[in-house]
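One-letter residues, chain by chain:
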Amino acid sequence: MAEPEHVISDPVVQNHNNEDENELQERSDDVEDDEDEDPESQKAKLRNRFQNFFRRIQHESVSIRVHDVLIKGNTKTKDTLIEAETASLKDASTIKELLAASGDVSFRLQALEIFDSVKITLDSGPPELPGTANVIVDVVETKSPLLGEIGVFNKGEASSSTLEGTLKYKNIFGYGDLWDGSLAYDCDHKAEASAGVFLPRFKGLGNPVTARLFLQSRDWLKFSSFKERSLGLSLGLFSTRNHDVYTFKIDRRNSPLRPTRGFAFVSTTQIGGLAPDSHSLRFLRQ
């Protein structure tokens with residue numbers, strides 16, 4: 001079953017504050033009242049003024065305050081999950097900051113993998129509160145919460161193959177939860193079965209939590225009568241800032257979706273087999 005194509009929508013600015021809106025209306029009226037110019041010239045002037053206006057809100061510090069964040073389109077997903085992911089919108093104090101925060105929120109909501117599309121619209125706030133904005137977050141929940149994958153992978157150096165299959169179900173309880181089960185079988189008589197759940201936000205925690213139960217089995221009958229079997233449970237708590245357990249990242253790009261300047265750095269370290277037995281320190285990889 002194929003993964004649904006995601007549509008990431010850039011924030012749409014409808015109005016920003018009453019003062020600039022009135023200014024644009026007055027300029028539009030001036031153009032319409034100018035009977036000496038042909039319609040094409042009037043349209044060109046109005047288009048230039050709108051372009052200058054949007055250039056101003058992108059590059060200048062135009063103050064604004066978010067009055068409300070409205071969530072639409074979710075029928076199964078809890079409002080609390082979306083509200084937690086959009087909380088940063090209310091911290092914006094300028095139009096430029098609000099546009100950047102909207103792009104970041106859209107990226108985070110898409111990363112939950114439970115929405116087919118996310119659209120964020122910036123609208124003017126109530127008329128009695130000049131200099132405010134309302135943010136409308138419109139989501140479309142995925143129509144295919146069930147996802148399955150299967151594949152055969154060849155190991156050329158070992159002349160063997162591995163059959164792997166995974167079944168995932170998204171957002172069962174509306175908390176962005178992702179449940180999955182997987183099975184892998186190696187021609188060298190090695191098998192692994194596991195099941196797990198990923199929660200982007202668990203109760204009051206602001207960081208993702210993951211839990212996984214696994215069973216591994218391998219026989220060495222080709223060389224001896226020894227069979228190896230291991231059963232385990234793993235729990236993980238991830239940091240969504242700079243660290244993801246053994247991953248360190250720095251992102252200074254001006255946009256995570258369409259960066260034009262800045263830099264990003266990611267470093268991953270894996271350490272396994274740290275236990276007081278003969279298999280201690282099995283690998284260290286950077």
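Structure first, text after, so check above.
Criteria and cut-off values
- Residues numbered from 1 in each chain as written.
- Predicted model: local features only at pLDDT ≥ 70, side-chain atom pairs only at ≥ 80, totals over all residues.
- Heavy atoms only, no water.
- Helix = DSSP H or I, 4+ residues; strand = E, 2+ residues; numbered from the N terminus.
- Buried < 20%, exposed > 50% of the residue type's maximum accessible area, 1.4 Å probe, protein only.
- Contact = heavy atoms within 4.5 Å.
- Areas by Shrake-Rupley, 256 points an atom, 1.4 Å probe, with all protein chains shown as cover.
- Phe/Tyr/Trp six-rings, centres within 6.5 Å; stacked < 30°, edge-to-face > 60°.
- Expected span 1.5 Å × (residues − 1).
- Salt bridge = Lys/Arg side-chain N within 4 Å of Asp/Glu carboxyl O.

*Asks:* Sorry, what's going on with the overall build of the chain here?
*Replies:* For the chain, the helix and strand inventory stands at 4 helices and 16 strands. Per-residue burial for the chain yields a buried fraction of 29% across its 286 residues. For the chain, contacts bridging at least 24 residues in sequence account for 46% of all contacts bridging at least 6. Accessible area of the chain: about 18700 Å², with a carbon and sulfur share of 54%.

*Asks:* Is there a simple way to think about the packing of aromatic side chains in this case?
*Replies:* Any pair of aromatic rings gets described here by the distance separating the centres and the angle formed by the planes. Under the counting rule described, the total for this entry stands at 1 aromatic pair. Ring plane angle 70° and centroid distance 6.2 Å describe the contact between Phe 173 and Trp 179, whose orientation is recorded as edge-to-face.

*Asks:* Please clarify how helix H4 (residues 95–111) should be interpreted in this entry.
*Replies:* Each α-helix turn comprises 3.6 residues. Residues three or four places apart therefore point the same way. Its 17 residues place the ends of H4 24 Å apart at the C-alpha level, agreeing with the 24 Å of an ideal helix rising 1.5 Å per residue. Among the residues of H4, Ile 95, Leu 98, Ala 101, Ser 102, Gly 103, Val 105, Ser 106, Leu 109 and Gln 110 are the ones counted as buried. Of the residues flanking the end of H4, it is Glu 113, one or two places downstream, whose phi is positive at about 65°.

*Asks:* Is there a simple way to think about the pattern of salt bridges in this case?
*Replies:* Pairing is possible between side chains that carry opposite charge, provided their charged atoms lie close to one another. Counted according to the given criterion, the structure contains 4 salt bridges. A salt bridge links Glu 85 to Arg 108, with the nearest nitrogen and oxygen atoms 3.2 Å apart. Of this pair, Glu 85 sits in helix H3 (residues 79–85) while Arg 108 sits in helix H4, placing them 23 residues apart in sequence. We classify Glu 85 as buried; its relative accessible area is 8%. When the shortest N-O distance is used, the salt bridge between Arg 108 and Asp 104 registers 2.2 Å. Taken as a pair, Arg 108 and Asp 104 lie in helix H4 at a separation of 4 residues, close to a single helical turn.

Keep in mind these values describe shape, not function.
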